[in-house]
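Analysis of the macromolecular model
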Amino acid sequence: MLPVLRTSCRPWTYTTARLLHSPVPSTRRAFLSRVSPIGIAFLSCGVVGGALYIKKHTIRADSDVDNSTSSRSRTSLSTLLRAYVVYALCSVPVLVDYSPTVLATLTMIPGVKQITEAIVRSTFFAQFVGGDSAEDTIPLLMQLREDNKGVLLAYSVEVDQSEAERHAQKEVSHDSPVPAVYKMHVEEILRAIDIAADFEDQCGTTPRSGTGRKTWVAVKLTALLPNAQCLISLSKHLCQTRPEILSPVPFPGCPQPYDLAFLECGALPPAALSEGDITALTALYHDLTRIAEGAERRGVKIIVDAEYSWYQPAIDAFTLSLMRRFNSQRRRSDVITQREVQPLVYATFQAYLKRTPSHILQSLKDAEAGGYSLGVKLVRGAYHPFEVEASLSPETCPVWMEKKDTDMCYNQCVGVLLSALRGDITNTNTIPQIGLLFGTHNSESCTRILNGLVLEGIATERNGLVIVDEQAAERCAIGQLFGMSDALTNDLVDRIKSPSPFVIKYVPYGPLSAVMPYLSRRAIENNSILSGEGGAIAERRRVGAEIRRRLLGF
């Protein structure tokens, strides 16, 4: 066992267990004891008037705040006002940090609950969420496609683990005809795949053409389980039992083809896993297989989201299993003789993890040796405060402590991946051997990606316009969260010419009551986006300038 793997198993500590039930870092929780429910209510009521006005108007969340010379449809004034209110609130760090408690408190007060939900629906929900259901997002999909943008659909409900366990126990005992919550999430992902495929079919793209299908679906593994503890148990087992490799990868390590041998090859289950763990993981394996088969049949790419590092070894193992099976060249020759969407399955790589550069290199080597296409979604990472608090010291922390180190890591990985992309295109492979989705709200990184495409010979530049051909467009895309960094998104759309959308928006959806925890968590996770360059303050100023121009003419 490598020392780096032994010492890096420290995330399974009492601190981590406590953290899983504490959405706000402990250094800030003392503030909450001084905030009364009445005070919180008055804080929120400041937006009631604007929310009630906005509610009367048709709202599009993906607004362009400086589009006077663009071919995109003109953004309504009500949408600009809504965006200004949202970004003004997001500019207050205290409100962002304590939004989970604010929402939880307000929704417990009779009479205030309904007002709170109306405000949230007219402001934050409209700004950051695509709709209550996958079907509700269709008008948005059409609008974004008209603006030459693709979509990554994400069913973004938060899983209440105690509720999930209760439903799972009822299901096992056959006391309840209602499916378990996590099983309903599986069906919802399958429904989203069908919605995405139907939309692409209407746009004239077909699964067998293998081109132009830029409506994808995200998958979050913890939402598909009765208890995420089984992922922690499996992750701990993998870190402790994986043999040494020539080039060590820091925690949470690098997945290996034999990680799920007990599910795939009939090997004996690990003794470290309980009977309940094995049952849950077996069901997850079969559910993911159903999802991948549905995505393959309908020609829709699926992107497996990354989560906390203490889940990640197990998530990596399941994602690698999916890629080796559904991105495999051998499977393609057996199942489909024509072109198809590839890579079908993408893994998410987080640049704030110290392991990511070596993890990417190992993944590229394994994909080549294993004969499968590698799907890569590269992001900076969304759980930094929680990862730092869960670690015993900076030395054992799996993430970079400084943002500049994360930025450097992200840009380094961009270079490696674009080089691999150039090699794949140069080899004139009919079916892509690598697919890239760069998720970033950082304008410098976006410029680096575009410059890298040109320098690698993947794209050409003419009069400031980056021209991408079909081969590159099917292998590469850039994405941002829906409702955020819209000016950057629109600028990228205007700067890139490609046969299919090169820019993708990550569009969450789900019922309001279920998505409210997501909205507050997302605000905390993306605090660096909201507070950094181009964040909420800059967005608010940009929107304010456009409102002033509309009303005052300057």
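Rules of the game
Residues numbered from 1 in each chain as written. Predicted model: local features only at pLDDT ≥ 70, side-chain atom pairs only at ≥ 80, totals over all residues. Heavy atoms only, no water. Helix = DSSP H or I, 4+ residues; strand = E, 2+ residues; numbered from the N terminus. Contact = heavy atoms within 4.5 Å. Areas by Shrake-Rupley, 256 points an atom, 1.4 Å probe, with all protein chains shown as cover. Pairing = 2+ DSSP bridges. Axes fitted to C-alpha atoms, helices over the stretch in contact; angles between N-to-C directions. Buried < 20%, exposed > 50% of the residue type's maximum accessible area, 1.4 Å probe, protein only. Right-handed = clockwise from strand over helix to strand, strands pointing away. Phe/Tyr/Trp six-rings, centres within 6.5 Å; stacked < 30°, edge-to-face > 60°. Lys NZ or Arg CZ within 6 Å of the ring centre and 35° of its normal. Patch = residues over 30% accessible without salt bridge, like charges linked within 9 Å, V, L, I, M, F, W, Y side chains within 5 Å. Salt bridge = Lys/Arg side-chain N within 4 Å of Asp/Glu carboxyl O.

Thoughts on the overall build of the chain
Counting secondary structure elements, the chain contains 26 helices and eleven strands. Within the chain, contacts between residues at least 6 apart in sequence are counted, and of these 80% link residues at least 24 apart. Carbon and sulfur atoms make up 56% of the accessible area of the chain, which amounts to about 23,100 Å² in all.

Re the sheet that holds strand β9 (residues 476-481)
Overall, parallel pairing links the eight strands, which are arranged β1-β2-β3-β4-β5-β6-β9-β11 in a closed barrel. On average, adjacent strands in this sheet sit at an angle of 30° to one another, irrespective of strand direction. As defined by bridge partners, strand β3 (residues 302-304) adjoins strand β4 (residues 345-350) across two bridges and the pair is classed as parallel. Residue pairing in the sheet places isoleucine 303 in a bridge with tyrosine 346 of β4.

Examining the pairing of β4
The element β4 is extensively covered by neighbouring structure, given that six of its six residues are classed as buried. Both β4 and strand β5 (residues 374-379) contribute to a ladder of four bridges, which runs parallel. Each residue of the ladder has a partner; that of alanine 347, found in β5, is valine 376. For the crossover from β4 across helix α18 (residues 356-370) to β5, the handedness is right-handed.

Observations concerning the environment of alanine 514
Position of alanine 514 among the secondary structure elements: in helix α24 (residues 512-525). A relative accessible area of 24% places alanine 514 in the partly exposed class.

Brief notes about the pairing of strand β6 (residues 434-439)
For β6, the buried fraction is high: six of the six residues fall into the buried class. Covered by surrounding structure in β6 are Ile434, Leu436 and Phe438 together with Gly435, Leu437 and Gly439, the residues of both alternating faces. For β5 and β6, the ladder comprises five bridges, and the chain directions are parallel. When the sheet's bridge partners are listed, lysine 377 is paired in β6 with leucine 437. Both β6 and β9 contribute to a ladder of four bridges, which runs parallel. In the sheet register, leucine 437 faces β9, and the bridge partner there is alanine 477.

Section: the packing of aromatic side chains
By the definition in use, this model includes seven aromatic pairs. One aromatic cluster is present, formed by Tyr308, Trp310, Tyr311, Tyr383 and Phe386 through successive ring pairs. Cation over ring: arginine 121 sits above phenylalanine 125, and NZ or CZ is 4.8 Å from the ring centre. Above the face of the tyrosine 410 ring, arginine 380 is positioned so that its terminal group lies 4.4 Å from the ring centre.

A few points about a nonpolar patch on the surface
A cluster of nonpolar side chains, contributed by Leu551, Leu552 and Phe554, occupies part of the molecular surface with about 370 Å² of accessible area. On the secondary structure map, leucine 551 appears in helix α26 (residues 536-552).

Topic: the sheet that holds strand β7 (residues 459-462)
Sheet architecture is open: three strands sit in the order β7-β8-β10, paired in mixed fashion. The open sheet has two edge strands, β7 and β10 (496-497), and neither has a second partner. Sheet analysis places strand β8 (residues 465-468) next to β10, joined by two bridges and oriented parallel. Paired with isoleucine 467 across the bridge in β10 is lysine 497. In this fold helix α21 (residues 443-455) packs onto β7, β8 and β10, with an angle of close to 105° to the strand it touches most, β7.

Considerations on the pattern of salt bridges
Evaluation of the coordinates by the stated rule reveals 25 salt bridges. Here arginine 298 makes a salt bridge to aspartate 198, at a shortest N to O gap of 2.7 Å. Remark: aspartate 198 occurs in helix α12 (residues 181-202) and arginine 298 occurs in helix α15 (residues 275-298); sequence separation between them is 100 residues. Residue arginine 298 is classed as buried on the basis of its relative accessible area, which comes to 18%. What emerges from the salt-bridge pattern is a single network uniting Asp194, Asp198, Asp201, Arg213 and Arg298.

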